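Here is what each chain is made of, one letter per residue.
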Amino acid sequence: MAKKPHSKTTTEAQPQYKVEYREIQPYGTLKHMPLALEDNARTHSVGMLNQVLADTMTLRDMYKKHHWQMSGATFYQLHLLLDKHYEEQAVLVDTIAERIMALGGISIAMAADVAELSTIPRPPKGREDVPTQLARLLEAHEIVLRQAHEGADAADEAGDDGTNDMLVSNVIRTNEPQVWFIAEHLAPTELVRADR
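Bear in mind that the values here come from a model prediction, so they are computed numbers and not experimental data.

(A) The arrangement of the packing of aromatic side chains in detail. For the structure shown, the criterion picks out one aromatic pair. For the pair Trp180 and Phe181, a centre-to-centre distance of 5.2 Å together with 70 degrees between the ring planes defines the contact as edge-to-face. Overall, Trp180 belongs to the exposed group, its relative accessible area being 54%. In this structure Phe181 comes out as partly exposed when scored by relative accessible area, which is 42%. Over the ring of Tyr86 we find Lys64, and its NZ or CZ is 4.3 Å from the ring centre.

See the structure below:
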């Protein structure tokens, strides 16, 4: 049976998946956006937000690592809590990246770029005990919170109210209660009293 020639309709429906790759906006540049913000304010906010983004992505991934590798008497409760915090950090990642894009910048996105930019100390590939895992999370939170406080102040001074609000309303107000929940697990209380 002879093949029918491709119809025009079939040709139009064929995806053109072999394209020449091209970058349309280099990282570190700003496109013009009618936001009533000076370019220097946007430039500063985008740079600062990319740092917060890299560290938030690292913190998010640490939550998933520790969620998987949790052990001990409080395994179930911490396993669930760490996954909840992971989901909340994932929402922050999207919020921060979208703010960067809304300012006309380019948000980092790939794991290699995150690893290069993150200031959070890298945990080992192996499994650590519970106090170490929780202490690492608290250290990472402190790094993100310090950046968020400093960034919010700088954005406020530059008149970038949207960035200031996002850092305070989203980043700080998500990270602070997470610190509380994690820190309370490190209180030296016993599950069972020795005197009973």
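This is not the end of the story, as more comes after the structure.
(B) Structural view of the side chain of Lys64. Of note, Lys64 is situated in helix α2 (residues 39-69). The residues touching Lys64, leaving out its near neighbours within four places in the chain, are Asp83 and Tyr86.

(C) View of the confidence of the model for the chain. Taken residue by residue, the chain gives an average pLDDT of 93. The fraction at 70 or more is 95%. Averaged pLDDT values for the elements of the chain fall to 76 in helix α1 (residues 8-13) and rise to 98 in helix α6 (residues 161-184).

(D) Expanded view of the environment of Pro124. As for its position among the elements, Pro124 is in the loop between α4 (111-117) and α5 (130-158). Between the alpha carbons of Pro124 and Ala41 there is a distance of 37 Å; along the sequence they are 83 residues apart. If we ignore the near neighbours within four places in the chain, the residues touching Pro124 are Lys65 and Arg136.

(E) How the structure looks around the nonpolar core. One finds Leu49, Leu53, Ile96, Leu137, Leu167, Val171 and Ile182 to be the most contacted residues of the largest nonpolar core, which totals 40 residues. Of all elements in the fold, only α2, α3 (75-102), α5 and α6 reach the threshold of two or more residues within this core. Leaving out residues up to four positions away in the same chain, Val171 has contacts with Val52, Leu92, Ile96, Val144, Ala148 and Met166.

(F) Structural view of the pattern of salt bridges. A complete count under the given rule lists seven salt bridges for this structure. The salt bridge partner of Arg42 is Asp39, with a shortest N-O separation of 2.9 Å. Remark: Asp39 and Arg42 occur in helix α2; sequence separation between them is three residues, near one turn of the helix. Looking at Asp39, the relative accessible area reads 46%, which means it is partly exposed. The partner of Asp83 in a salt bridge is Lys64, with the nearest N and O atoms 2.5 Å apart. Here the residue Asp83 occupies a position in helix α3, and Lys64 occupies one in helix α2, the gap between them amounting to 19 residues. For Asp83, a relative accessible area of 22% puts it in the partly exposed group.

About the cut-offs
- Residues numbered from 1 in each chain as written.
- Predicted model: local features only at pLDDT ≥ 70, side-chain atom pairs only at ≥ 80, totals over all residues.
- Heavy atoms only, no water.
- Phe/Tyr/Trp six-rings, centres within 6.5 Å; stacked < 30°, edge-to-face > 60°.
- Buried < 20%, exposed > 50% of the residue type's maximum accessible area, 1.4 Å probe, protein only.
- Lys NZ or Arg CZ within 6 Å of the ring centre and 35° of its normal.
- Helix = DSSP H or I, 4+ residues; strand = E, 2+ residues; numbered from the N terminus.
- Contact = heavy atoms within 4.5 Å.
- pLDDT = per-residue confidence, 0-100.
- Core = buried A, V, L, I, M, F, W, Y, C linked by side-chain atoms within 4.5 Å.
- Salt bridge = Lys/Arg side-chain N within 4 Å of Asp/Glu carboxyl O.

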